[in-house]
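Okay, here's what each chain looks like letter by letter:
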Amino acid sequence: MRSSPITPTVDFDADGEQHGFLKLPHSHDASAWGAVMIPITVIRRGEGPTVLLTGGNHGDEYEGPIVLSELAATLRARDVSGRVIVVPFMNYPAFRAGSRTSPIDRGNLNRSFPGRADGSVTEKIADYFQRHLLPLADYVLDLHAGGRTLDFVPFAAIHVLPDAAQQARCEAAMLAFGAPYSMRMLEMDSVGLFDTAAEEAGKVFVSTELGGGGTATVASIGIARRGVHGLLAHARVLAAPMLHGDTARSTVLLDMPDGRCYTTSEHDGLLELCKDLGDAVDCGDLIARVHDATRTGVPPIAYRAHRSGLLAARHFPGLVKMGDTIAVVADIVADGVATAPP
Ligand SMILES: [Zn+2]
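Below is a summary of the structure that appears in this document. This one's a predicted model, so the numbers in the text were calculated from it and none came from an experiment. (Residues numbered from 1 in each chain as written. Predicted model: local features only at pLDDT ≥ 70, side-chain atom pairs only at ≥ 80, totals over all residues. Heavy atoms only, no water.)

## Some thoughts on the nonpolar core
Right, on to step 1. Counting residues in hydrophobic clusters, the biggest one holds 36 residues, and the most contacted among them are Leu53, Val228 and Leu232.
Right, on to step 2. Counting residues per element, the ones that place at least two in this core are strand E4 (50-54), helix H1 (63-74), strand E5 (82-87), strand E6 (139-142), strand E8 (155-159), helix H4 (164-177), strand E10 (204-209) and helix H6 (218-234).
Right, on to step 3. Among the elements that make up this core, the one with the highest residue count is H6 (six residues).
Right, on to step 4. With residues up to four places along the chain from it excluded, the contact list for Val228 reads Leu53, Val67, Leu68, Leu71, Leu141, Leu143 and Phe177. (Core = buried A, V, L, I, M, F, W, Y, C linked by side-chain atoms within 4.5 Å. Buried < 20%, exposed > 50% of the residue type's maximum accessible area, 1.4 Å probe, protein only. Helix = DSSP H or I, 4+ residues; strand = E, 2+ residues; numbered from the N terminus. Contact = heavy atoms within 4.5 Å.)

See below:
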C-alpha cells in the first residue's frame, strides 16, 4: 500500500510535551512546493493508554478547536500517565476557511474515511488518521457541533455497535464526558465517518454535538472543557480532572432509533420553528412552518412530528431549502442518569 505523504514533526514515542505539525505537501498557485500544516500536540509520560482528541473535523464547529487549543497549551506531561494526542483542527483548510468542507477539494473529512494516500488533500488527511493515528489510540473523542446550518441540545454520542462489550465501553466513556444530554444513535449515514473508522478499529469512540450556528457559547465551551477532562480521567490518563467539581452529575439519555426522528423540508422558504431545542414534542405536534418566500397571501406549510420525544436538533438559518433537515426529535430513554464519577 502506498505510504502517506504526511510527515509528523513530532515523535509519538517521546516523553514530554511536543507541539508540531502534520505536514502534507500541497503544490498550488501561491506556493509551488507548499504544504498544509496541521497543528498537533503530543503529551506523554511513560506507559499507559493513549487518548486521541480531535476537533475541526468540520471547519465551522468551534468548541473542539477552542477547548483543545487550550488543553494543548496547558496540559503538562507530569499530569499525564500514558499519552494524549491533540489535533484541534483536523480538516485544517476547512477550519481556516470557516467552512464545513475543504476549500481545496470541497472534501467533507467526515465522509472521506478510510481515505486515500494518493487521493485529494482531504482524503490524504483521512488516510493518515486511519492508518497512523487511530492505531495509536485506545480512546478517541471527536468534538463536533452543528456548524453554520444546524443547532443541537448539547450532547455526547455513541453509536449502536455490533459488539455489545465495545458499545458498553463507549457508553461508559460517554457518561464520563458528562454532557447535559447523552445520545445513542443508530447512524443513518455511516459510510466514510471517522466514527465508523474508529469503531471498526475497536476503539472506545465518543463524539459530540455541542450547540451550533457556526459559533460557540460560554455554556457549550464549558461543557466541552469539562467533558474532555472527564474523559481523560475516565481513561486514567489524568489522575483527576484538572477542573474541580463542575462535571454534570446527571444526564438525559436520548435515543435516535430510526428515520422517523428526522423532519426533512420538502419546500424552499422562510422557516418558523414552533418548538425550541429541548422542548417536549408529542407525535403529531406542529414542529415547524415554512412560509412562502416569494409572495404574500399564501398559508404556510405545516410540518408535524413523526414521533414523540424532545427537540434535539434544528435547522439554524432562517431560510430553508428542500431537502434540509428542519428538526430532529429524539426519544427520551431516561432522565437523571448519573454521569460516571472520574
Ligand atoms: Zn461536525
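Resuming the write-up.
## As for helix H3 (residues 121-133)
Right, on to step 1. Under the 1.5 Å per step criterion, the end-to-end length of H3 is 17 Å for 13 residues, consistent within 8% with the ideal 18 Å.
Right, on to step 2. Looking at H3, one finds that the buried residues are Val121, Thr122, Lys124, Ile125, Ala126, Asp127, Tyr128, Phe129 and Leu133. (Expected span 1.5 Å × (residues − 1).)

## Describing the pairing of E10
Right, on to step 1. Taking burial as the measure, the six residues of E10 include six buried ones, the bulk of the element.
Right, on to step 2. Of the two faces of E10, both are covered, the one formed by Val204, Val206 and Thr208 as well as the one formed by Phe205, Ser207 and Glu209.
Right, on to step 3. In this structure, E6 lies alongside E10, joined through four bridges in parallel fashion. Looking at E10, one finds that Tyr139 is bridged to Val204.
Right, on to step 4. Note: E8 against E10, three bridges, orientation antiparallel. Residue pairing for E10: Ala157 is matched across the bridge by Ser207. (Pairing = 2+ DSSP bridges.)

## Quick look at the sheet that holds strand E13 (residues 269-273)
Right, on to step 1. The four strands are arranged E16-E15-E13-E18 in an open sheet whose pairing can be described as antiparallel. Looking at the sheet topology across the chains shown, the edges are occupied by strand E16 (301-304) and strand E18 (319-320).
Right, on to step 2. As defined by bridge partners, E13 adjoins strand E15 (residues 286-291) across four bridges and the pair is classed as antiparallel. For Leu271, the partnering residue across the bridge sits in E15 and is Val290.

## Quick look at the coordination of the zinc ion
Right, on to step 1. Taken together, His58 (ND1), Glu61 (OE), Glu61 (OE) and His144 (ND1) make up the protein donors of the zinc ion, found 2.1 to 2.3 Å from the metal.
Right, on to step 2. Classification of the site at the zinc ion rests on its four donor atoms, whose angles at the metal span 58 to 148°, yielding the label irregular.
Right, on to step 3. Read from N- to C-terminus, the donor residues coordinating the zinc ion fall into the pattern H-x2-E-x82-H. With a gap of 86 residues between them, His58 in the loop between E4 and H1 and His144 in the loop between E6 and strand E7 (150-152) connect regions that are remote in the sequence. For the pair His58 and His144, one class covers both residues: buried. (Donors = N, O, S within 2.8 Å, 3.2 Å for Na, K, Ca; no water. Tetrahedral: all angles 85-135°; square planar, octahedral: opposite > 155°, others 65-115°.)

## Some details on the environment of Ala302
Right, on to step 1. Residue position: Ala302 is located in strand E16.
Right, on to step 2. Taking the C-alpha atoms as reference, Ala302 lies 32 Å from Asn108; in sequence the two are 194 residues apart.
Right, on to step 3. Sequence-distant contacts of Ala302, that is, excluding residues within four places in its chain, are made with Leu286 and Ala288.

## Regarding the pattern of salt bridges
Right, on to step 1. Counted by the stated rule, this structure contains 17 salt bridges.
Right, on to step 2. Between Arg116 and Asp118 there is a salt bridge whose closest N-O contact spans 3.2 Å.
Right, on to step 3. One salt bridge connects Arg131 with Asp127, and the closest N-O pair in it is separated by 2.7 Å. With a gap of four residues between them, Arg131 and Asp127 both fall in helix H3, about one helical turn apart.
Right, on to step 4. Residue classification places Arg131 among the partly exposed positions, given a relative accessible area of 27%. (Salt bridge = Lys/Arg side-chain N within 4 Å of Asp/Glu carboxyl O.)

## Digging into the side chain of Thr41
Right, on to step 1. Among the structural elements, Thr41 can be located in strand E3 (residues 35-45).
Right, on to step 2. Looking at Thr41, its side chain comes within polar contact range of the side chain of His19, at 2.7 Å.
Right, on to step 3. Setting aside chain neighbours within four positions, we find Thr41 in contact with Gln18, His19, Ala72, Val84, Ile85 and Val86. (Polar contact = N/O pair within 3.5 Å; in protein donor to acceptor, adjacent residues only side chain to side chain.)

## Brief notes about the layout of surface pockets
Right, on to step 1. Empty space within the largest pocket amounts to approximately 730 Å³.
Right, on to step 2. For the largest pocket, the lining is made up of 33 residues, of which Arg100, Arg111, Leu150, Phe152 and Glu209 are closest to its centre.
Right, on to step 3. The leading source of residues in the lining of the largest pocket is E8, at three residues.
Right, on to step 4. Residues of the lining of the largest pocket, tallied by class, amount to 13 nonpolar, 10 polar and 10 charged.
Right, on to step 5. Of the volumes computed, that of the second largest pocket is approximately 170 Å³. (1 Å grid on protein atoms, 1.4 Å probe; cavity = no way out; pocket = protein on both sides within 12 Å on 5 of 7 lines; lining within 4 Å. Points joined across faces, edges and corners; volume = space filled by probe spheres on them. Nonpolar A, V, L, I, M, F, W, Y, C, P; charged D, E, K, R; others polar.)

## Quick notes on the environment of Asp13
Right, on to step 1. Relative to the assigned elements, Asp13 resides in the loop between strand E1 (7-8) and strand E2 (16-25).
Right, on to step 2. Those residues in contact with Asp13, other than ones at most four positions away along the chain, are Arg44 and Arg83.

## Looking at the packing of aromatic side chains
Right, on to step 1. Applying the stated criterion across every chain, the model contains seven aromatic pairs.
Right, on to step 2. An aromatic cluster of at least three residues, connected via ring pairs, comprises Phe113, Phe129, Phe194 and Phe205. (Phe/Tyr/Trp six-rings, centres within 6.5 Å; stacked < 30°, edge-to-face > 60°.)

## A few points about the packing of H4 against H6
When two helices pack together, their arrangement is captured by the angle between the axes and the distance separating the axes.
Right, on to step 1. Where H4 contacts H6, the axes come no closer than 7 Å and their chain directions differ by 135°. Taken together, the axes of H4 and H6 lie oblique to each other. Each of Ala172, Ala173, Ala176 and Phe177 in H4 lies in contact with H6, whose residues at this interface are Ile223, Ala224, Arg226, Gly227, Val228, Gly230, Leu231 and His234.
Right, on to step 2. Grouping the amino acids of the contact of H4 with H6 by side-chain chemistry returns eight nonpolar, three polar and one charged. (Axes fitted to C-alpha atoms, helices over the stretch in contact; angles between N-to-C directions. Parallel < 35°, antiparallel > 145°, perpendicular 65-115°, else oblique.)

Note that all results are geometric; they support no functional claim without further evidence.
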